[in-house]
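Spelled out, the chains give:
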Amino acid sequence: MEQFTGRPIFQGIAIGPIRLYTKKEQQVKRYKITDAEAEIARFHRARETAAAELASLYEAAVRQVGEANAMIFEVHQMMLEDEDYLDSVTHIIRTQEINAEMAVATTGDNFSAMFSAMEDEYMRARAADVKDISERLIACLVNGGSASELLTEPAILAAEDLAPSETVQLDKSMLLGFVTRLGSANSHTAILARTMNLPALIGIRPDPAWNGRLAVVDGYSGTLTVDPDEEYLLQMQTRKAQDEEKRTLLQQLKGKETVTRSGRRVKLYANVGSLSDIRSAMENDAEGIGLFRSEFLYLEKKDFPTEEEQFAIYRTALENMGGKKVIIRTLDIGADKQIDYFGLEREENPALGYRAIRICLTRPDIFRTQLRALLRASVYGPLSIMFPMIISLDEVLAVKEILEEVKQELTAQDIPYAPVEIGVMIETPAAVMISEQLAAEVDFFSIGTNDLTQYTLALDRQNPKLDSFYDPHHPAVLRMIRETIANGHAHGCWVGICGELGADEELTEAFLEMGVDELSVSPPMILRLRKRIREL
Ligand code: PEP
Ligand code: MG
């Protein structure tokens, strides 16, 4: 039995085999195989995955840079069909009885050397393409293409790091918990773990030798135990059963009101990022959706989701919530939520960079598509639209103007939409300071304490080294929250909290005293918080 200590980001116990996730591992190992035909079949499956990846890359590139510039991905697709290339790979597998990765690497090296030696400049340039396509094939062989195909049985995922775009692609029904070396307690990957009710640890370096071995993640003490002995395993199984019992007890609070003993009511909503989270919100008796992080729809895809795709999701969300309020936040991409097909440049300070509303206001094509989908969905239930990372009144006025134009466009096309409430996230000190003016322009505020803490304390929420400095209970942060609520109320806005702090039971009483109208938390926290509020 081996034990490792990390930092827990969600409490709970997970027990199961470890599955190691090594991304883009390009170091190819050679090994002997016994069944050449099975290995060739594995190669062809990887080839199909690579072809599908290239097809979506091609479509995305056509939209962004036009057909002529997107051609390269078509060329790569053609190379995947090239008979000489395929013959070389299968020949090596059969004659040398070695694994497909090695056969692809050898073929890639041979072909690119051959192209490099050609006189024709165009043909010489193909050397890089052969290398590229071989690397893609190897990645598909090693990792199954992407994180989405990694889990074939319930397992604890161990990785160096997990980006939000990788986390959303994991098969959640197969994920028991995860352990990573990098990542911070306030990152979106950590938030996803909490939303999915997954015990997770950070700060532990995964060892390839763990792959397939039984392990226990203890999200209370922050311990990972590989090859637990019988006594420890039994102890942890008991603890897990106790957790489940507690969860069952909380079920009694379903259908009960969220009200303090003195009769103070507060709305208890859920934070979600997908339709499956909406299911979890309903199972946990959420009174509405306080934050639908719409960017996760974009993160799950290989190209911009179309208006129809978005409309279908927003409509289903509203229909599933059966008349309860659904607050959808417009695209909040950038910083740690990076998407290849947006083609964003690397930035020195991404958290202070080109993100969220800044992208929407400068890429109106993307923004309008989302607003059209949202407005069209509004006839299926009470929809509120919320805008992230606001720092100025001008931004709110610009957003409102675009929304008005989109409404007029729909009217002209005879497409129905219903009245929608609009709100802004208060997650920058600037927004707090001008909250009186903002309140005059919108219907509600939702305080994003994750970013508000980051920007108020000048602490990068992504940096794990700063976790011990990241103090959302800092008096400056609490004062910002108090002021926002007071200014919102003074100008007719209702005010909620949708950052992670909303679920902090130590602050629930203080938030109620400040006058908060709504708390929006990850679905697994709803009933716990209702219990806390009913005890106050
Ligand atoms: C926040 O910043 O508090 C928030 C809710 O938004 P996100 O965590 O998605 O940045
Ligand atoms: Mg935020």
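Residues numbered from 1 in each chain as written. Chains lettered and ligands numbered in written order. Predicted model: local features only at pLDDT ≥ 70, side-chain atom pairs only at ≥ 80, totals over all residues. Heavy atoms only, no water.

Student: Please clarify how the coordination of the magnesium ion (ligand 2) should be interpreted in this entry.
Tutor: Protein-derived coordination of the magnesium ion (ligand 2) comes from E427 (OE) and D451 (OD), at a distance range of 2.0 to 2.1 Å. Of this pair, E427 sits in the loop between strand 13 (421–426) and helix 14 (429–433) while D451 sits in helix 16 (residues 449–457), placing them 24 residues apart in sequence. Taken as a pair, E427 and D451 share a single burial class, namely buried. (Donors = N, O, S within 2.8 Å, 3.2 Å for Na, K, Ca; no water. Helix = DSSP H or I, 4+ residues; strand = E, 2+ residues; numbered from the N terminus. Buried < 20%, exposed > 50% of the residue type's maximum accessible area, 1.4 Å probe, protein only.)

Student: How do you make sense of helix 2 (residues 83–96) when you look at a structure like this?
Tutor: A turn of α-helix holds 3.6 residues, and therefore any two residues three or four places apart point the same way. Compared with the 20 Å implied by 1.5 Å per residue over 14 residues, the 19 Å span of helix 2 between its first and last C-alpha is a close match. Those residues of helix 2 not exposed but buried are Y85, L86, S88, V89, T90, I92 and I93. Measuring from the backbone nitrogen of D84 back to the side-chain oxygen at the start of helix 2 gives 3.2 Å, which picks out D82 as the cap. E97 sits one or two positions beyond helix 2 and adopts a positive phi of about 50°. (Expected span 1.5 Å × (residues − 1). Polar contact = N/O pair within 3.5 Å; in protein donor to acceptor, adjacent residues only side chain to side chain.)

Student: Honestly, the pattern of salt bridges in this entry has me stumped. Any pointers?
Tutor: It is possible for side chains of opposite charge to pair when their charged atoms get near one another. Inspection of every chain in the model, using the stated rule, returns 34 salt bridges. Between D451 and R355 there is a salt bridge, and its shortest N-O distance comes to 3.4 Å. Residue D451 is located in helix 16, and its partner R355 is located in the loop between strand 11 (326–329) and helix 11 (357–362); the two are separated by 96 residues in the primary sequence. Per residue, the accessibility class of D451 equals that of R355, and both read buried. (Salt bridge = Lys/Arg side-chain N within 4 Å of Asp/Glu carboxyl O.)

Student: Looking at this structure, how should I read the sheet that holds strand 3 (residues 13–21)?
Tutor: The strands making up a sheet are joined through hydrogen bonds of the backbone, oriented either antiparallel or parallel. In spatial order, the strands read 1-8-7-3-4-5-6-2; together these eight strands make up an open sheet with mixed pairing. Two strands close off the open sheet at either side, each with one partner strand: strand 1 (2–5) and strand 2 (7–10). Strand-to-strand twist of the sheet, defined as the mean angle between neighbouring strand axes without regard to direction, takes the value 30°. Sheet topology note: the strand 5 (residues 175–180)/strand 6 (residues 200–202) ladder contains three bridges and is parallel. Each bridged residue has a counterpart across the sheet, and for F178 the counterpart in strand 6 is A200. The strands touched by helix 7 (residues 230–250) are strand 1, strand 3, strand 7 (214–218) and strand 8 (223–226); relative to strand 3, the strand with the most contacts, the crossing angle is about 110°. (Pairing = 2+ DSSP bridges. Axes fitted to C-alpha atoms, helices over the stretch in contact; angles between N-to-C directions. Contact = heavy atoms within 4.5 Å.)

Student: Sorry if this is basic, but what is going on with the nonpolar core here?
Tutor: Proteins that are soluble and globular tend to have nonpolar side chains buried together. Residues F342 and I481 are the most contacted members of the largest nonpolar core, which totals 102 residues. By residue number, the principal contributor to this core is helix 12 (residues 364–377), which donates seven residues. Of all hydrophobic cores here, the second largest spans 33 residues; its members include I40, Y58, A100 and L137. (Core = buried A, V, L, I, M, F, W, Y, C linked by side-chain atoms within 4.5 Å.)

Student: Before we go on, may I ask you to explain the packing of aromatic side chains in this structure?
Tutor: Aromatic ring pairs: the centre-centre distance and the angle between the two ring planes describe each pair. Under the definition given, this model contains 10 aromatic pairs. Measuring from ring centre to ring centre gives 4.9 Å for F4 and W210, while their planes differ by 55°; the resulting arrangement is tilted. One end of the pair, F4, is in strand 1; the other, W210, is in the loop between strand 6 and strand 7, with 206 residues separating them in the sequence. Among the residues examined, F4 registers a relative accessible area of 25% and is labelled partly exposed. A relative accessible area of 2% means that W210 is categorised as buried. (Phe/Tyr/Trp six-rings, centres within 6.5 Å; stacked < 30°, edge-to-face > 60°.)

Student: What am I meant to see in the site of ligand 1 here?
Tutor: Near ligand 1 there are 16 residues, and of these H188, R293, R329, G448 and N450 occur at the shortest range. A distance of 3.1 Å separates an oxygen atom of ligand 1 from a polar backbone atom of T449. Within the side chain of D451, one N or O atom sits 3.0 Å away from an oxygen atom of ligand 1. Elements with a minimum of two residues in the shell around ligand 1: helix 6 (188–195), strand 10 (289–293) and helix 16. With three residues, the single largest contributor to the shell around ligand 1 is helix 16. By residue class, the composition of the shell around ligand 1 is four nonpolar, five polar and seven charged. (Near = heavy atom within 4 Å. Nonpolar A, V, L, I, M, F, W, Y, C, P; charged D, E, K, R; others polar.)

Student: I'm lost on the pairing of strand 13 in this one. Help?
Tutor: Two faces, one strand: in a regular strand the side chains alternate between the faces of the sheet. Along strand 13, five of the six residues are buried, which leaves the element largely enclosed by surrounding structure. Of the crossover connections in this fold, the one passing from strand 12 (residues 383–387) over helix 13 (residues 393–412) to the parallel strand 13 is right-handed. Sheet topology note: the strand 13/strand 14 (residues 444–447) ladder contains four bridges and is parallel. Bridging across to strand 14, V424 finds its partner in F445. (Right-handed = clockwise from strand over helix to strand, strands pointing away.)

Student: What's the story with the environment of E295 in this structure? I'm lost.
Tutor: Counting through the fold element by element, E295 comes out in helix 9 (residues 295–299). Taking C-alpha positions, E295 is 16 Å from D365, a pair spaced 70 residues apart along the chain. In this view, E295 contacts R329, T330, L331, D332, I333 and K337; residues no more than four positions away in its chain are not counted.

Student: I keep staring at the state of the cysteines and nothing clicks. Help me out?
Tutor: Each disulfide consists of one covalent bond between the sulfur atoms belonging to two cysteines. A full pass over the atoms with the stated rule returns zero disulfides. Among the cysteines around C493, which has no disulfide bond, C498 carries the closest sulfur, lying 14 Å off. For C498, a relative accessible area of 1% puts it in the buried group. (Disulfide = S-S within 2.5 Å.)

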